[in-house]
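Results of the structural survey
So you can see what is in the structure, the chains are spelled out below.
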Amino acid sequence: MADNAKYEEVTNYFKERMAESKKIAASRGKEARIAAEQAKKASGVQTWRQMTGVRLMAHEMSHVGNRPFMIGFATVAVLGLYAQSKFSDEAKANSEYWSTFHGDGKKAHH
């Protein structure tokens with residue numbers, strides 16, 4: 001009786017090991033890599049190389065290393081918008097650049 005129990009225990013152990021070995025072997029090799037790649041494509045998750053536009057920009061902004069750049073970019077954008085909003089018609093008339101290239105074509109005299 002003890003021999004049968006020991007035999008069953010050893011048989012079950014080797015069956016579990018064989019199943020584990022088959023599972024590991026199935027995750028290796030060319031076929032496994034192809035299956036993993038197809039599963040990844042089917043999941044619909046995009047890599048950063050497949051993203052475009054605002055989605056890519058939001059993805060890049062989420063990285064910690066890009067935060068100083070994004071803070072600087074936002075600061076320059078806000079200052080640019082502020083300067084543009086304060087550029088009145090009077091400032092345009094007094095601007096040598098504006099009157100030369102966008103105005104009546106005559107250079108402003110100092």
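Numbering of residues starts from 1 in every chain and runs along the sequence as written. The predicted nature of this model means local features are confined to residues of pLDDT at least 70 and side-chain atom pairs, given and counted, to a pLDDT of 80 or more, with totals for whole chains, interfaces and linings taken over all residues. To obtain the side-chain values, all non-hydrogen atoms of the structure were included, while hydrogens and water were left out.

1. Side note on the overall build of the protein
Along the backbone of the protein there are 6 helices and 0 strands. Going along the chain from the N terminus, every DSSP run of H or I of four or more residues is numbered as a helix, and every run of E of two or more is numbered as a strand. Starting at the N terminus, the α and β elements of the protein follow one another as α-α-α-α-α-α. A compact globule built from 110 residues should have a C-alpha radius of gyration of about 13 Å, whereas the protein, at 34 Å, is more than 25% larger. Projected onto the principal axes, the alpha-carbon positions of the protein cover approximately 115 × 25 × 15 Å. The method behind every accessible area is Shrake-Rupley, applied with a 1.4 Å probe, and residues are considered shielded solely by the protein chains displayed. Surface summary for the protein: the accessible area is close to 10,200 Å², and the carbon and sulfur share equals 60%. Charged residues are defined narrowly, with Lys and Arg counted positive, Asp and Glu counted negative, and His plus the chain ends left uncounted. The location of each charge is read from NZ of Lys, CZ of Arg, CG of Asp or CD of Glu. Computing the positive centroid from 17 side-chain charges and the negative centroid from 12, the protein places the two 4 Å apart. Our radius of gyration is a C-alpha quantity, and the globule rule it is checked against amounts to 2.2 Å times the number of residues to the power 0.38.

2. A closer look at a nonpolar patch on the surface
Together, V10, Y13 and F14 make up an exposed nonpolar region whose accessible area comes to about 300 Å². Checked against the element boundaries, F14 lands in helix α1 (residues 2-26). Type-normalised accessible area, obtained with a 1.4 Å probe on protein chains alone, sets the label of each residue: buried when under 20%, exposed when over 50%, and partly exposed for intermediate values. Under the relative-accessibility criterion, F14 is labelled exposed at 53%. Candidates for patches are residues over 30% relative accessible area with no salt bridge; among them, like charges are joined within 9 Å and nonpolar side chains (Val, Leu, Ile, Met, Phe, Trp, Tyr) within 5 Å. We define a salt bridge as a side-chain nitrogen of Lys or Arg found within 4 Å of a carboxyl oxygen belonging to Asp or Glu.

3. Quick notes on the side chain of S95
As for its position among the elements, S95 is in the loop between α5 (89-94) and α6 (96-101). Whenever a nitrogen or oxygen atom comes within 3.5 Å of another N or O atom, the pair is scored as a polar contact, on the condition that within protein one atom can donate a hydrogen and the other can accept it, and that pairs from neighbouring residues in sequence are kept only if both atoms are in side chains. Within the structure, S95 has its side chain in polar contact with the backbone nitrogen of W98 (distance 3.1 Å).

4. Observations regarding the environment of V64
Take V64: it is sitting in the loop between α3 (53-61) and α4 (67-85). Residue classification places V64 among the exposed residues on the basis of a relative accessible area of 60%. Residues V64 and T11, 53 residues apart in the sequence, show an inter-C-alpha distance of 53 Å.

5. Examining the confidence of the model for the protein
Of all residues in the protein, 92% attain a pLDDT of 70 or more, and the chain-wide mean is 85. Within the protein, α4 carries the highest mean pLDDT (93), whereas α6 carries the lowest (80). Across the chain, each position has a pLDDT score giving the predictor's confidence in that residue, from 0 to 100.

6. Describing α4
Given 3.6 residues per helical turn, the α-helix brings residues three or four places apart onto the same face. Taking 1.5 Å as the rise per residue, α4 with 19 residues should run 27 Å; its terminal C-alpha atoms sit 27 Å apart, in good agreement. With 1 of 19 residues buried, α4 lies mostly on the surface of the structure. In this analysis, the expected span of each helix is defined as 1.5 Å times one less than the number of residues it contains.

7. Here we look at the environment of A36
For A36, the position within the fold is in helix α2 (residues 30-43). On the basis of relative accessible area, A36 is assigned to the partly exposed category, the value being 47%. In this structure the C-alpha to C-alpha distance between A36 and A2, which are 34 residues apart in sequence, comes to 46 Å.

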